[in-house]
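Single-letter residue listing:
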Amino acid sequence: MNFIKGSVRNMPSADNPYIKLWKWCLYGVPLWWVIGLSVFAYHLVALMLFASLVYARTREDQGIYLPLSFWPLFFMSLVHAFSLFIHAGPGNMDRAVASTYNLSFWVMGWMLIVVMANAFTRRDLRSMLRAFYWVAFITGGLALFVFVMALTGKQDISFPSLLYQPFLKIMGRSPLIEYSLWVKPLHYDWFVSSSRPRFTAFCPYSTATGTLTLILLMMLMTWAAVQRKTKNLIFFAVFFLDLLALAMTLSRTAVVAFIMSTVAVFVFQKQRALLWIIVFVFGVLMLAPWIWQLLEWILTLRPGSTTGRLELYRYSLQQFEGIDWIIGFGLKPREDSAFVVPIGSHSTYLSILFKTGIIGVAAFVFFQIQLLYRWLRFREQARHHRNLFFLWSGVGGVLIGMILCLFTGDIDGPQLLAFVYFSIIGIFEGCVHEQKTKTLMRTASRERILEREGGV
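Residues numbered from 1 in each chain as written. Predicted model: local features only at pLDDT ≥ 70, side-chain atom pairs only at ≥ 80, totals over all residues. Heavy atoms only, no water.

**Let's talk about the side chain of Asp410**
As a reminder, the rule being used: Per the convention used, a helix needs a DSSP run of H or I reaching at least four residues, while a strand needs a run of E reaching at least two, with both numbered from the N terminus. When a residue's accessible area, from a 1.4 Å probe over protein chains only, is under 20% of the maximum for its type it is buried; when over 50% it is exposed; and in between it is partly exposed. By the counting scheme adopted, Arg and Lys are positive, Glu and Asp are negative, and His together with the chain ends is not counted. Criterion for a salt bridge: a side-chain nitrogen of Lys or Arg within 4 Å of a carboxyl oxygen of Asp or Glu. Nitrogen and oxygen atoms within 3.5 Å of one another constitute a polar contact, given that in protein one can donate a hydrogen and the other can accept it, and given that sequence-neighbouring residues count only through two side-chain atoms. Contact between two residues is taken to exist if any of their heavy atoms lie within 4.5 Å; hydrogens are not considered.
You can see Asp410 is positioned in the loop between helix H18 (386-405) and helix H19 (415-455). Within the buried set, Asp410 has no salt-bridge partner at all; the shortest N-O distance to an opposite charge, 4.2 Å, is to Lys332. Among the polar contacts made by the side chain of Asp410, one reaches the main-chain amide nitrogen of His346 at a distance of 3.1 Å. Asp410 has contacts with Tyr205, Lys332, Ser345, His346, Ser347, Thr348 and Ser351, leaving out every residue within four places of it along the chain.

As structure tokens, then:
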């Protein structure tokens, strides 16, 4: 079925079918959440986009551009599949199914990166940012509603999605699936020595909502800059409501990551970035004792959570022996112990190590390093184009923020978070590819002119 035809590089933005389908997927975020389609909707959209791209390019006898960030994710997926195949036995069937679902997030990731790298152009920027603005607007509005309900004394807002019972019968009672099918925007949790309202939206758990909100804030600021609405009252209202949403998730890592990534992008934007970095590092060294006290205070905001995570990390690393360090276990076992989550959880880096070993972690670290390095190198090219520079800044905030957030959170569980994160990486790859193509075309054009002049 070829519902997407032709190359999109010469299409008007409104006619880009890849971006149109991707955009409508984001417009439907609240609907997928309430119905219960979040479990597979984003995977399905990624698969449809990727299959259509392959079909269209094959039919037109055109190649598919595979960006550098595709290869480490693809390789890591293969290692995960191999390790899972080795370790999945009859006694581990439930965990094998759960690990296969986790693997599908990485497959979705490299598919989205390839699609966006081939389909996205700067003409699609405003259309893409409007979709992010919509999700940010809904998130902020829902956070305000939950905040007001908490002020009135409401302790809990939760209900099963429309497809909760049918999906559980088909897919089983995996905690991740059950959380994904349960709509729970408000519940109370322990924070700063008392029970506090906690916000969750469009994700299985609050920490993932915090990381998602970080991305939405970065894209919201990009939207305002591109649309010249940084002084608009509506932008300020949505921005501060999303800050409220971020704070109400009680996700300490997401809050710290948002602040640090915003500061980092501000520094890297400067013409004399190296001088700014030296000044920043000098300032950090001067303030080191107070910064350390601040970090200690942050860790004590939820001491039970901090202690539990550190103990989980320590216990998980103790399970490795011999070849397990090389290719991992393929899956994360759920043991009868003090931990309520599978071994190797609460950190993407640890989770990858547990399922794919050092090989997989090395691939993922390379994935992030090369993205950050190429993002920095792309700065001067982006600086020549106003909107591209704003997008460059927003993408940088996402990349740096996610590097920090993934230390304490899993990316292969929250569906929408993974969808938008890998989409933004693909959008960056699309910008790099487009700029490189234009540079090559200008160079070829100059060479043809010189050849004609030489002939004369």
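**Overview of the sheet that holds strand S1 (residues 157-160)**
Hydrogen bonding along the main chain pairs the strands of a sheet, whether they run parallel or antiparallel. The line we're drawing: When DSSP finds at least two bridges between two strands, those strands are taken to pair. Interaxial angles span 0 to 180 degrees and are taken between N-to-C directions of axes, which are lines fitted to C-alpha atoms, for helices over the stretch in contact.
The antiparallel open sheet is built from 3 strands, whose spatial order is S1-S2-S3. With one partner strand each, in any of the chains shown, S1 and strand S3 (194-199) form the two edges of the open sheet. Across the sheet, the mean angle from the axis of one strand to that of its neighbour is 35°, orientation sign disregarded. Sheet topology places S1 next to strand S2 (residues 182-191); 3 bridges connect them, and they run antiparallel.

**Points about the pattern of salt bridges**
A complete count under the given rule lists 7 salt bridges for this structure. Ionic pairing is found between Glu434 and Lys438, a salt bridge with its closest N-O pair at 3.7 Å. Note that Glu434 and Lys438 are positioned in helix H19 at a spacing of 4 residues, about one turn of the helix. Looking at Glu434, the relative accessible area reads 8%, which means it is buried. One network of salt bridges, with partners in common, ties together Arg379, Glu380 and Arg383.

**Remarks on the environment of Ala201**
Tracing the backbone shows Ala201 in the loop between S3 and helix H9 (206-226). According to the relative accessible area criterion, Ala201 is buried, its value standing at 1%. Residues Ala201 and Val183, spaced 18 residues apart in sequence, show a C-alpha to C-alpha distance of 7.9 Å. Filtering out sequence-adjacent residues up to four positions away, Ala201 remains in contact with Trp33, Leu142, Thr209 and Leu212.

**With respect to a nonpolar patch on the surface**
Stated formally: Candidates for patches are residues over 30% relative accessible area with no salt bridge; among them, like charges are joined within 9 Å and nonpolar side chains (Val, Leu, Ile, Met, Phe, Trp, Tyr) within 5 Å. Only the protein chains shown count as covering a residue, and every accessible area follows the Shrake-Rupley method with a 1.4 Å probe.
Together, Phe75, Leu317, Ile323, Trp325, Ile326, Ile358 and Ile359 make up a nonpolar patch on the protein surface, roughly 610 Å² of accessible area in all. On the basis of relative accessible area, Leu317 is assigned to the partly exposed category, the value being 37%.

**Some details on helix H5 (residues 93-119)**
Note the cut-off: The length a helix should cover is 1.5 Å for every residue beyond the first.
In this model, H5 (27 residues) spans 38 Å end to end at C-alpha, consistent with the 39 Å of a helix rising 1.5 Å per residue. Counting buried positions along H5 yields 21 of 27 residues, so the element is predominantly enclosed.

**Some thoughts on the side chain of Ser206**
Topologically, Ser206 is positioned in helix H9. Its relative accessible area of 4% is what places Ser206 among the buried residues. A distance of 3.2 Å separates the side chain of Ser206 from the backbone oxygen of Phe199, its partner in a polar contact. When near neighbours in sequence (up to four residues on either side) are disregarded, Ser206 contacts His187, Arg198, Phe199, Thr200 and Thr249.

**Concerning the pairing of S2**
Across 6 bridges, the pairing between S2 and S3 is antiparallel. Its bridge partner being in S3, Asp189 is matched across the sheet by Arg196.

**Details of the nonpolar core**
The condition is simple: What we call a nonpolar core is a set of buried Ala, Val, Leu, Ile, Met, Phe, Trp, Tyr and Cys residues that are connected through their side-chain atoms within 4.5 Å.
Counting 115 residues, the largest nonpolar core has Leu26, Ile215, Phe419 and Phe422 as the members making the most contacts within it. Tallying contributions element by element places H19 first for this core, with 13 residues. Residues contacting Leu26, with those up to four places away along its chain left out, are Ala131, Phe132, Trp134, Val135, Leu416, Phe419 and Val420. Leu312, Tyr313, Phe329 and Ile343 belong to the second largest nonpolar core, which has 9 residues in total.

**Focus on the packing of helix H3 (residues 41-59) against H5**
Which entries qualify depends on this criterion: In this scheme, roughly parallel covers angles under 35 degrees and roughly antiparallel covers those over 145, while 65 to 115 is roughly perpendicular and the rest are oblique. Whether a crossing is left-handed or right-handed is set by the direction in which the near helix is turned from the far one by less than a right angle, anticlockwise for left-handed and clockwise for right-handed. Think of it as three bins: nonpolar holds Ala, Val, Leu, Ile, Met, Phe, Trp, Tyr, Cys and Pro, charged holds Asp, Glu, Lys and Arg, and polar takes everything else, Gly as well.
Put simply, H3 and H5 touch, their axes get as near as 9 Å, and they point 45° apart. Between H3 and H5, the angle falls in the class oblique. The handedness of the crossing between H3 and H5 comes out as left-handed. Contacts from Tyr42, His43, Ala46, Leu47, Leu49, Phe50, Leu53 and Arg57 in H3 reach Tyr101, Ser104, Phe105, Met108, Trp110, Met111, Leu112, Val114, Val115 and Asn118 in H5. The residue inventory of the contact of H3 with H5, partitioned by class, reads 14 nonpolar, 3 polar and 1 charged.

**Considering a positive patch on the surface**
So the rule is basically this: Charge positions come from single atoms, namely NZ of Lys, CZ of Arg, CG of Asp or CD of Glu.
On the surface, a cluster of positive charge is made up of Arg126, Arg130, Arg228 and Arg386. As for its placement among the helices and strands, Arg386 is situated in helix H18. Taking the relative accessible area as the measure of exposure, Arg386 reaches 31% and is therefore partly exposed.

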